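Coordinate analysis (summary)
Listed below, chain by chain, are the residues.
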Amino acid sequence: MRIMQDQGIIFQYKETEEGLTITRATGIPQGGIVEVPSRLDDKAVISIGYAAFYACAAATVRIPEGIRRIEGHAFAQCTGLKELQLPESLREIGRLAFTGCVSLQHLSIPAGIREIRDEAFSWCRSLRTVSFCCRDAVIGPRAFYFCNALTGTLSLHGVRQIGRAAFSACMALEHLELFPETTELDSLSFQDCYGLKDIRFSEGLLKLGDDVFSDCRSLRAAALPDSVVSMGIGTFRDCGRLTAVRLPGQIGSLPSWTFSNCQVLQRLALPEGITSIRSFAFFRCPALKTLHLPSTLEKLEPGALTECSTMRELNLRKVCSLPRHALSYCNSLETLIISSSMKDIRAGAFNHCPSLTAVILPAEQGDIRVPFEGAALRWLRTLLSEDHMHSKDLHLVRSDLSPSQWESFDALFDHLKRYPSRRDTALWRLSKPNSLTEKAKTRYLSYLRRQSHRIMSEAVASDDVTRIGQMGDLGLIPEKHCNTYVRDASLAGARCTGYLINYRRTHSGSLRKRYSL
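Please read all numbers here as calculations on a predicted model, not as lab measurements. (Residues numbered from 1 in each chain as written. Predicted model: local features only at pLDDT ≥ 70, side-chain atom pairs only at ≥ 80, totals over all residues. Heavy atoms only, no water.)

1. Brief notes about the sheet that holds strand β9 (residues 83–85)
Sheet strands line up and pair through hydrogen bonds in the backbone, either parallel or antiparallel. If you trace the three strands from one edge of the open sheet to the other, you get β4-β7-β9, paired in parallel fashion. Pairing within the sheet leaves two strands with one partner each, and these edge strands are β4 (33–35) and β9. Each adjacent strand pair in this sheet contributes to an overall mean axis angle of 5°, direction not counted. Here strand β7 (residues 60–62) pairs with β9 via three bridges, running parallel. (Pairing = 2+ DSSP bridges. Helix = DSSP H or I, 4+ residues; strand = E, 2+ residues; numbered from the N terminus. Axes fitted to C-alpha atoms, helices over the stretch in contact; angles between N-to-C directions.)

2. Considerations on the pattern of salt bridges
Applying the stated criterion across every chain, the model contains 20 salt bridges. Between arginine 217 and aspartate 215 there is a salt bridge, with the nearest N and O atoms lying 3.0 Å from each other. Residue aspartate 215 is classed as buried on the basis of its relative accessible area, which comes to 16%. With its nearest N and O atoms 3.3 Å apart, the salt bridge here joins glutamate 458 to arginine 423. Here glutamate 458, found in helix α5 (residues 452–461), pairs with arginine 423, found in helix α3 (residues 419–431); they are 35 residues apart in sequence, far enough to count as distant. Among the charged side chains, a network of salt bridges with common partners joins Glu92, Glu115 and Arg117. (Salt bridge = Lys/Arg side-chain N within 4 Å of Asp/Glu carboxyl O. Buried < 20%, exposed > 50% of the residue type's maximum accessible area, 1.4 Å probe, protein only.)

3. Looking at a positive patch on the surface
A cluster of basic residues, Arg68, Arg91, Arg114 and Arg135, forms a positive patch at the surface. Inspection of the secondary structure puts arginine 114 in the loop between β11 (106–109) and β12 (115–116). (Patch = residues over 30% accessible without salt bridge, like charges linked within 9 Å, V, L, I, M, F, W, Y side chains within 5 Å. Areas by Shrake-Rupley, 256 points an atom, 1.4 Å probe, with all protein chains shown as cover. Lys, Arg positive; Asp, Glu negative; His and termini not counted. Charge placed at Lys NZ, Arg CZ, Asp CG, Glu CD.)

4. Description of the confidence of the model for the protein
Scored by pLDDT, the protein has a mean of 85; 84% of the residues are at 70 or more. Low pLDDT (under 50) marks residues 373–379, which in the prediction has nine contacts with non-local residues, meaning those over four places away or in another chain. Throughout residues 508–517 the model reports pLDDT below 50, and contacts reaching past four residues in sequence, or to other chains, amount to 24 contacts. (pLDDT = per-residue confidence, 0-100. Contact = heavy atoms within 4.5 Å.)

5. Comments concerning the side chain of glutamate 301
Among the secondary structure elements, glutamate 301 is positioned in the loop between β28 (299–300) and β29 (313–316). Excluding anything up to four places from it in sequence, glutamate 301 contacts Ile277, Arg278, Ser279 and Pro323.

Below, the structure written as structure tokens:
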């Protein structure tokens, strides 16, 4: 360790094979100007060492050409530092090198910079402008974290990679410009940039991490380039003013939480190439009215479109299954197109979708409308397995149907082959006798009468009080088997026992009224 005085300042330094490294500087006057020497003892200074100027009182620091590296904490907590000049020869700015320099207002990053490491300029709360003119730079995690005075346009010219939370909480930043050399935005890069209004992307961007632009409350539009091949979760989460987005098709799947809580997003078209929508991707998008899905879409995950309360129409042409809560609380959903390849609809897929009340099924003689209620979900999978269902799509629409359309619904019964489908269809239709013709009514009653013992045996075994009540209201509980039903129900302690005893005595009754069902 050697010591030398220059400009009245005492510099301590050490010598390496490459040159000298300043290890400590003392005697700096309050509010003074520091000209970092380019040579000491007639030897070139190549770096400023760890904490060399830590918490110094200088107002201006000028670093000369020839210095290649500023190491960690070198100028940290220099609270009076207002002006900083960096040389073109500088290659690296170390971890926390200028953190807490709360008076620094302007910064120019020179072309020679290759890496700005973790938290290098974090908490520089007065920093208003940063200009980049680099060639191949990497900005490390939290490098400019909480530079909340940074305003205007941030042009990241020559920056290849932006690290985790690099510009997070830069709350006054308004415009962002990226260039073709920028290939990656790591997680949280611009999270909580409340004032960010627009982003200018460029082809060349490949990867977005998690929550890159989450909680950018002023962001109104974003057009991601087609070069993007990977997106993390929550890219635009909580962007409360976002109205227009363009997405790339190469990402394969729309990640979880991508647009969750985007309060004013009304329309969106997903590009061809997207095959799945992950959980909660559109959670709580109350203004989303129109969502155009690509023909390549095959999968929805649980909660994918939960609480899209104003969406009225959705086309799921190739989706094979609907998981739990896929469309829960879509209060205004009226029309849903489902592929004939649909294999599975899970319980709760349509919870609280009061406007979705009927199904249109294709048939050779034309579309057939089927009432869409909770019961319909239990047999829709069965309908989809019928041979005549494999060639066309299904349509779910509102049940504000004309008499002629109800007659078309009655035509569905002739196409059903499996017992559960025919049973539930007949029971439902007789309970909703809109424009029910005597011919159709007779056909339903005849079928149920032939299957009455089978229906009742299954209902008693499962204590299905609703179905037993439906059969009783229609007078279709076979009297000769009543004693058997009562015995089996009482032995099982089923709650339908009382109704069956009463029906046996009076040959009539209403389980629905008796049990308030």
